[in-house]
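This is what each chain is made of:
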Amino acid sequence: MPILCPAQAEGQRTAPLGVSATGELLTVDGSVVHDLAFGPRPTGRDRAAGTLVPVPVVVVDVVLKPEISDPQGQAVLGALGRLGHSGVRSVRQGKHFVLDVEGEPDEAELREIAETLLANPVIEDVELHLPTD
Amino acid sequence: MRIGVITFPGSLDDVDAARAVRLAGAEPVSLWHGEHDLKDVDAVVLPGGFSYGDYLRAGAIAARSPLVRDVVAAARTGLPVLGICNGFQVLCEAGLLPGALTRNSHLHFRNRDQALLVERADTAWTSSFAQGQTIVVPVKNGEGRYVAADADLDRLEGEGRVVVRYTGGNPNGSSRDIAGVTSADGRVVGLMPHPEHAVEDLTGPSTDGLGFFVSVLQAAVAA
């Protein structure tokens, strides 16, 4: 997640210089950085009001194929049972990638990234979520 | 004969692999994953460890390194390649071997001496064994469960691509007790157990592991 500040909204890159007494990130000129990491996470489909710079965010979800057993998910399910959450019947654990991409997302390239690196097609299924607006 | 041993960031068993190569009577050659330089070696070993900290998936990042891309190309023209443990994971991720290695079914790291049944004694790395021979080498992994789609497993079995199979207990829940597989041409072999840790009586449960490294000497002579 890049740190966004008012200067970036105007196309400049300004690194945060320090942290104020109240914990806010400061830029070189001492102004407060409005860090989106502390606010709602922007996604392609659900962007927070007041976002300074619309960043194309691509989300890739990777899960094990149904026929591949998931002992980690089963361990989570076991813990849920011990905690009294008996209503959960199954847990499948996966991976969630958030990619900030420059410019217009290239769907073909992103699909290649998702299918050839982020997921192993031998054992995993992959879902690519592009910005919809 | 010169046998290259690749070191990745996070490799652990490259020194042991080089030692096994030397004990077998060949010259070990250190190779660095980030360089496009196979140094004219006659065979390559990808050692065990945790390349790139097992980030993303075990072996996934290493499989995309410059040298592994060269190894993939050279293997397609017959270069003998042995992947041990993390090296096996790298070869599967690189597409040189079928299937994938995933988290052990019991979720524990398992470290023990392991009996293996040699089912293929005609690959570049197993010709010094007898088909049906049982050998004992250490196994040590947390993500060593060999998996593939059932249809692919059937095809592998049909083609006789299973080189070694766990016997006397399956340490990680691998499908059909598969411990190691080979490429269609028998030049590339990957296995989760560690033959390089069974090359001397003083430090290993046997010297059975030496057979893998001796075999490739014969394969190179025959080639």
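Residues numbered from 1 in each chain as written. Chains lettered and ligands numbered in written order. Predicted model: local features only at pLDDT ≥ 70, side-chain atom pairs only at ≥ 80, totals over all residues.

(A) Up close: the overall build of chain B. Each helix and strand in chain B was counted, giving five helices and 11 strands. Rg of the C-alpha trace for chain B: 15 Å, near the compact-globule value of 17 Å for 223 residues, within the 12% margin. Expressed along its principal axes, the backbone C-alpha trace of chain B runs to roughly 40 × 35 × 35 Å. The buried share of chain B, reckoned over its 223 residues, is 57%. Looking at chain B alone, contacts between residues at least 24 apart form 75% of all its contacts between residues at least 6 apart. (Helix = DSSP H or I, 4+ residues; strand = E, 2+ residues; numbered from the N terminus. Rg over C-alpha atoms; globule rule 2.2 N^0.38 Å. Buried ≥ 20, exposed ≤ 12 C-beta atoms within 10 Å, placed from the backbone. Contact = placed C-beta atoms within 7 Å.)

(B) Representation of the sheet that holds strand E10 (residues 178–182) of chain B. Residues and elements named next belong to chain B. What the nine strands build is an open sheet, ordered E2-E1-E3-E4-E11-E10-E9-E6-E7; its pairing is mixed. Edge strands, defined here as strands with exactly one partner in the open sheet, are strand E2 (27–32) and strand E7 (134–141). For this sheet the average axis-to-axis angle between neighbouring strands, irrespective of direction, equals 25 degrees. Examined bridge by bridge, strand E9 (residues 162–167) and E10 share three bridges and lie antiparallel to one another. The partner of Arg165 across the bridge, within E10, is Ile178. (Pairing = 2+ DSSP bridges. Axes fitted to C-alpha atoms, helices over the stretch in contact; angles between N-to-C directions.)

(C) Summary view of helix H2 (residues 71–82) of chain A. A rise of 1.5 Å per residue sets the reference length of H2 of chain A, with its 12 residues, at 16 Å; its end C-alpha atoms lie 17 Å apart and thus fit the reference within 8%. Once H2 of chain A ends, the next one or two residues include Gly84 of chain A, with phi positive near 90 degrees. (Expected span 1.5 Å × (residues − 1).)

By themselves these figures say nothing about function.
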